[in-house]
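Residue strings, one per chain:
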Amino acid sequence: MHDRAPRALEIGCQYWDMAYPVTIAGHVMSRIGVVEVRVREKSLTGRGEAAGVYYHGDTPESLAEEIESVREAIEIGAGRADIARLLPAGGARNAVDCALWELESHLARQPVWKIAGLAEPRALLTTVTIGADDPSSIAARARDACRDARAIKLKLTGDGADSERVRALRGARPDAWIGVDANQSLGPEGLSDLLPVFVDARVALVEQPGPIGREEDFRGFASPIPLAADESAQTADDLDRLLGLFDAINIKLDKCGGLTAALAMAEAARAHGFGVMVGNMGGTSLSTAPAFLAGQGCDFVDLDGPVHLEGDRNPAARYREGRLDIPPGLWGWSA
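Everything quoted here is computed from the prediction, not taken from an experiment.

(A) The arrangement of the sheet that holds strand β9 (residues 227-229) in detail. One open sheet accounts for 8 strands, arranged β5-β6-β7-β8-β9-β10-β11-β12; its pairing is parallel. This sheet does not close on itself; its edge strands, each paired only once, are β5 (127-130) and β12 (300-302). In this sheet, adjacent strand axes meet at a mean angle of 25° when their direction is disregarded.

Written as C-alpha cells, this is what we have:
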C-alpha cells in the first residue's frame with residue numbers, strides 16, 4: 001500500500017426538494033435523496049451522483065456505506081474495471097463509476113464522450129413525467145407546467161382510473177408523443193383492458209406493465225403498442241430472459257451501475273434486437289449528465305429528473321422546447 005494515497009475520496013448525502021410531488025404505483029416522491037462522490041487526484045476532481053433504486057430500499061446513507069467499504073481501493077487508484085468487480089450493480093457503483101469517468105476526463109483533458117468513443121453529443125428529445133394524479137390535474141399540468149414538452153410519460157397505478165387519466169392527457173395535449181409507465185401495476189389482464197384506450201389515445205410505448213418475476217405472464221401477449229422493460233431489466237444479465245416478452249429495454253445508470261455498464265448494456269440490447277431507452281431514478285443535473293451520453297443514439301429518452309426539482313446544480317442541464325442539453329462544464333472536461 002502507498003504511504004500516501006494518490007487520491008482522496010469524499011462521500012456526501014444530499015436531499016433535493018421537488019417542485020411538486022409525483023405519484024407512481026405504490027410510491028409518492030416529494031424529494032430526492034442522492035449520494036455524491038468526489039475523487040480528487042493532482043488537484044483535479046471527478047464527481048458522480050446516484051439516487052439508487054427506491055424499490056430495492058436504497059437510501060443515500062446506505063449507498064454511502066457501500067462506497068465507504070471500497071475507500072481504500074479507490075484511494076490507491078482503482079479504475080472503473082476494478083470498481084465493477086468490487087461493487088455490485090446499483091447506485092453505489094454508479095456514483096463511483098461516474099466520478100472516475102470525470103476524473104479521467106480531466107486528467108486526459110478530453111471530454112467524456114470522446115474518451116468513450118462516442119460522437120459529439122446533441123440535444124435529446126426527452127419525455128417529461130406526469131404523476132398518476134386525478135384526470136383534471138393531469139390535464140392542467142399537461143397544458144401548463146408541461147406546455148414546452150413534446151413528449152410526455154404518464155404514470156399509471158392500476159387503480160381503475162388509468163383510462164380516464166390517459167384520455168385527459170390526450171385531450172389536453174393532442175400534439176404530444178405519449179408513453180405510459182405502469183410501474184408493475186397492471187399485468188396482462190389489466191393491460192388488455194386498457195389497450196383499446198391506449199390505441200385510441202395514440203399511446204406510443206407501455207413501460208413495465210407487470211410485476212418483476214412475472215415476466216413470463218406476457219409470453220405470447222400480442223400488443224399493438226411496444227412494451228418496455230424497466231424494473232425487469234436491471235442489468236445486461238437480464239436480457240436473454242426478456243427476449244420475446246418486451247420490445248424495448250429501459251437502461252438506468254442507478255440500476256446497472258454507471259455509465260460504463262450502461263454503454264455496454266445498450267450495445268448488448270441492440271444486439272438482442274431490443275429498442276433502447278435511457279431513463280433515470282431522479283436526481284440533479286449531475287446524475288443526468290452521464291445518462292445524457294448513454295442516451296445518444298437511444299430510441300427513447302426519459303431524462304427529466306432535474307425538471308422536477310425546486311433547485312439544481314450550477315451549471316444545470318438545459319431543457320428547452322422539449323429537448324435536454326448538457327452545457328460545457330457541467331460534468332467532465334471542456335475546453
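(B) Focus on the pattern of salt bridges. If you walk through the whole model with that rule in mind, you get 25 salt bridges. Two residues, Arg-71 and Glu-68, come together in a salt bridge whose shortest N-O distance is 2.6 Å. A residue is classified by how much of its surface remains accessible, and Arg-71, at 23% relative accessible area, is partly exposed. A salt bridge links Asp-82 to Arg-85, with the nearest nitrogen and oxygen atoms 2.5 Å apart. Of this pair, Asp-82 and Arg-85 both sit in helix α3 (residues 80-86), 3 residues apart, which is roughly one turn of that helix. We classify Arg-85 as exposed; its relative accessible area is 63%.

(C) Highlighting the layout of surface pockets. Estimates place the volume of the largest pocket at around 580 Å³. In terms of lining, the largest pocket is formed by 35 residues, of which the most central are Met-29, Ile-32, Tyr-54, Met-281 and Gly-282. The leading source of residues in the lining of the largest pocket is strand β2 (residues 27-41), at 7 residues. Among the residues forming the lining of the largest pocket, the class breakdown is 14 nonpolar, 12 polar and 9 charged. Looking at the second largest pocket, its volume works out to about 380 Å³. Every residue lining the second largest pocket is counted, 20 residues in all, and those nearest its centre are Trp-113, Pro-121, Ile-326, Pro-327 and Pro-328.

(D) Region of the structure containing helix α1 (residues 60-68). What α1 keeps buried is the set Pro-60, Leu-63, Ala-64 and Ile-67. Within α1, the buried residues cover an arc of 105° as seen down the axis, which keeps them to one side. In the core, the buried residues of α1 are packed alongside β1 (8-24), β2, β3 (44-50), α2 (71-75) and α4 (91-108).

(E) Fine view of the packing of aromatic side chains. Applying the stated criterion across every chain yields a total of 3 aromatic pairs. Ring geometry for Tyr-54 versus Tyr-55: centroids 5.2 Å apart, planes at 85°, classification edge-to-face. Classification of Tyr-55 as partly exposed rests on a relative accessible area of 24%. Relative to Phe-221, the ring of Phe-218 lies with its centre 5.6 Å away and its plane at 65°, an arrangement referred to as edge-to-face. A residue is classified by how much of its surface remains accessible, and Phe-218, at 2% relative accessible area, is buried. Directly above the ring of Tyr-15 sits Arg-31, whose terminal nitrogen or CZ lies 4.2 Å from the centroid.

Conventions and cut-offs
For every chain, the first residue of the written sequence is number 1, and numbering continues from 1 onward in sequence order. Per-residue local features of the predicted model are confined to residues with pLDDT of at least 70, and side-chain atom pairs are confined, for both listing and counting, to 80 or more; whole-chain, interface and lining totals are unaffected and use all residues. Computation of side-chain values: all heavy atoms of the structure, hydrogens and water removed. Strands were regarded as paired on the criterion that DSSP finds at least two bridges between them. Runs of E in the DSSP output that reach at least two residues are strands. Runs of H or I that reach at least four are helices, and both are numbered from the N terminus. Axes, fitted as lines to C-alpha atoms, cover a helix only where it is in contact. Angles between the N-to-C directions of the axes lie from 0 to 180 degrees. The rule for a salt bridge is simple: a side-chain nitrogen of Lys or Arg has to be within 4 Å of a carboxyl oxygen of Asp or Glu. Whether a residue is buried, partly exposed or exposed follows from its accessible area with a 1.4 Å probe, protein chains only, as a fraction of its type maximum: under 20%, in between, or over 50%, in that order. Grid points spaced at 1 Å over the protein atoms alone were grouped into cavities, where a 1.4 Å probe fits but cannot get out, and pockets, open sets with protein on both sides within 12 Å along at least five of seven lines, with lining residues defined by an atom within 4 Å of a point. Grid points are joined across faces, edges and corners, and a volume is the space filled by probe spheres set on the points. Gly is placed with the polar residues, together with every amino acid not listed as nonpolar (Ala, Val, Leu, Ile, Met, Phe, Trp, Tyr, Cys and Pro) or charged (Asp, Glu, Lys and Arg). Directions drawn from the helix axis to the C-beta atoms are what define this arc. In this description, contact between two residues means that some pair of their heavy atoms is separated by no more than 4.5 Å. Pairing of aromatic side chains requires ring centres within 6.5 Å, counting the rings of Phe and Tyr and the six-membered ring of Trp. Pairs whose planes differ by under 30 degrees are stacked, by over 60 edge-to-face, and all others tilted. Comment: the charge-over-ring label is applied if NZ (Lys) or CZ (Arg) is within 6 Å of the ring centre and within 35 degrees of the ring normal.

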